Amino acid sequence: MDDVRDGNAPGPTETAGAAGATATGAQPEPEAHRAAEARPAAEPPDDVLHRLENGVSWITLNRPAALNALTWDQRERIMALLAEASADPSVRAVVVTATGKGFCAGADLRGGPTATGDRVVGDVARLIRQGAQRFVTAVMDCEKPVIAAVNGTAAGIGAHLALACDLVLAAESAKFIEVFVRRGLVPDGAGAYLLPRLVGPQRAKELMFFGDALPAADALRLGLVNRVVPDADLTGLARTWAERLAQGPTRALALTKALVNASLDTDRATALAAEAVAQELNMSTADATEGVASFVERRTPKYRGL
């Protein structure tokens, strides 16, 4: 199973209940005080923040006290947002990031599906397919470019979330940890699929066998990330890259993403056939027409994502 936190993260703060009824004969409370009592308590912050800005869908993990360990509900919410991004023409790119000092410390299975009765063979595999694998696949299959802005430690499924994105930006303080071996577990969440394709089998085995923390600078050297920047510059660079993608030919980018992802699992003939079909489909888009016209007319293209 994917990485589970040690359970030492603080739980939700409990609040006192409403005040009891006023005793018979007690003096009435001032109006202002009664109004304050009647005002509902502030809602706790959402554990997945979302906003759409300049064509970019910003998805932000927001459990900083737990180093953004992922709950089952958070994963479902993120998958829904990625599906919405694919279907919504107004979304042209996606950024996944987090609040606090950690990007994602792994999986927190508290709040997930509750097992009934004794575990039987197939239960764990089903949980992995429906959970971690489905989650990482949703990132890879999103039809819009997805940027990871890794602001801190990315461990277990958190590392695989980042590596499944199309582009990875990392703060200097970021670290990547294949933490599964520390728990006596097999890597899941597509880790054994992603890592060898990014760094080769020998490096992938080293990372997975030892579970050592990989600093951002070393991740850059190995090709796991695209850029490493000072912590204070991470959000700005993510915004610059995402908005540049949002101004690009959206359908061409989607087809390019699909071609590159598929090329790692297919032979040359199949890859070239897929390339030809992709270009055929792309040439029917408004953006392709605009791109060719702007070249002929020697002007900057204005893509609309259509």
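In this text the structure is predicted, and so the values were computed from the model without any measurement.

## A closer look at the pattern of salt bridges
- Across all of its chains, the model carries twelve salt bridges by this definition.
- One salt bridge in this structure joins arginine 251 and glutamate 143, with 3.1 Å as the shortest N-O distance. Taken together, the residues span a long stretch of sequence, with arginine 251 in helix α9 (residues 250-263) and glutamate 143 in the loop between α3 (123-141) and β5 (146-150) at a distance of 108 residues.
- A relative accessible area of 27% places arginine 251 in the partly exposed class.
- Linking arginine 197 and aspartate 265 is a salt bridge whose minimum nitrogen-to-oxygen distance equals 2.7 Å. On the criterion of sequence distance, the pair formed by arginine 197 in helix α5 (residues 191-199) and aspartate 265 in the loop between α9 and α10 (268-282) is long-range, its members being 68 residues apart.
- Taking the relative accessible area as the measure of exposure, arginine 197 reaches 36% and is therefore partly exposed.
- Here the salt bridges do not stand alone but share partners, grouping Arg51, Glu53 and Arg239 into one network.

## Regarding the sheet that holds β5
- The six strands lie next to each other as β1-β2-β3-β5-β7-β10, forming an open sheet whose pairing is mixed. Each of the sheet's edge strands pairs with one partner strand only, and the pair in question is β1 (48-53) and β10 (227-229). In this sheet, neighbouring strand axes are inclined to one another by 20° on average, regardless of whether the strands run parallel or antiparallel.
- As paired strands, β1 and strand β2 (residues 56-61) are joined by six bridges and run antiparallel to one another. Bridging from a neighbouring strand, valine 48 pairs with leucine 61 of β2.

## Observations regarding the confidence of the model for the chain
- In the predicted model, the chain carries a mean pLDDT of 86, and the fraction of residues at 70 or more is 82%.
- When the criterion is pLDDT under 50, residues 2-44 qualifies, and its contacts beyond four places in sequence or with other chains add up to 34 contacts.

## Some thoughts on the sheet that holds strand β4 (residues 102-104)
- An order of β4-β6-β8-β9 is seen for the four strands of this open sheet, with the pairing classed as mixed. The sheet is open, and its two edges are formed by β4 and β9 (213-215), each paired on a single side. Strand-to-strand twist of the sheet, defined as the mean angle between neighbouring strand axes without regard to direction, takes the value 20°.
- Bridge count for strand β8 (residues 175-177) against β9 is three bridges, and the pairing is antiparallel. Each residue of the ladder has a partner; that of isoleucine 177, found in β9, is alanine 213.
- Packed on one face of the sheet, helix α4 (residues 157-164) meets β4, β6 (153-155) and β8 and runs near 100° to β6.

## Focus on helix α11 (residues 286-296)
- All of the buried residues along α11 are Asp287, Ala288, Glu290, Gly291 and Ser294. Buried residues of α11, seen end-on, are gathered within an arc of 160° and therefore sit on one face of the element. Every exposed residue of α11 that faces more than 90 degrees away from the buried side is listed here: Thr289 and Val296.
- Of the surrounding elements, those touching the buried residues of α11 are α9 and α10.
- Positive phi shows up at arginine 298, right after α11, with a value of about 55°.

## Points about the packing of α4 against α5
- For the pair α4 and α5, the least separation of the axes is 10 Å and the interaxial angle reads 50°. In terms of their interaxial angle, α4 and α5 are classed as oblique. Here α4 and α5 pass one another in a crossing that is left-handed. Taken together, the residues of α5 that come into contact with α4 (itself represented by His160, Leu163 and Ala164) are Gly191, Leu194, Leu195 and Leu198.
- Of the residues assigned to the contact of α4 with α5, the class counts are five nonpolar, two polar and no charged.

Conventions and cut-offs
Residues numbered from 1 in each chain as written. Predicted model: local features only at pLDDT ≥ 70, side-chain atom pairs only at ≥ 80, totals over all residues. Heavy atoms only, no water. Salt bridge = Lys/Arg side-chain N within 4 Å of Asp/Glu carboxyl O. Helix = DSSP H or I, 4+ residues; strand = E, 2+ residues; numbered from the N terminus. Buried < 20%, exposed > 50% of the residue type's maximum accessible area, 1.4 Å probe, protein only. Pairing = 2+ DSSP bridges. Axes fitted to C-alpha atoms, helices over the stretch in contact; angles between N-to-C directions. pLDDT = per-residue confidence, 0-100. Contact = heavy atoms within 4.5 Å. Arc of directions from axis to C-beta. Parallel < 35°, antiparallel > 145°, perpendicular 65-115°, else oblique. Left-handed = near helix turned anticlockwise from the far one by under 90°. Nonpolar A, V, L, I, M, F, W, Y, C, P; charged D, E, K, R; others polar.

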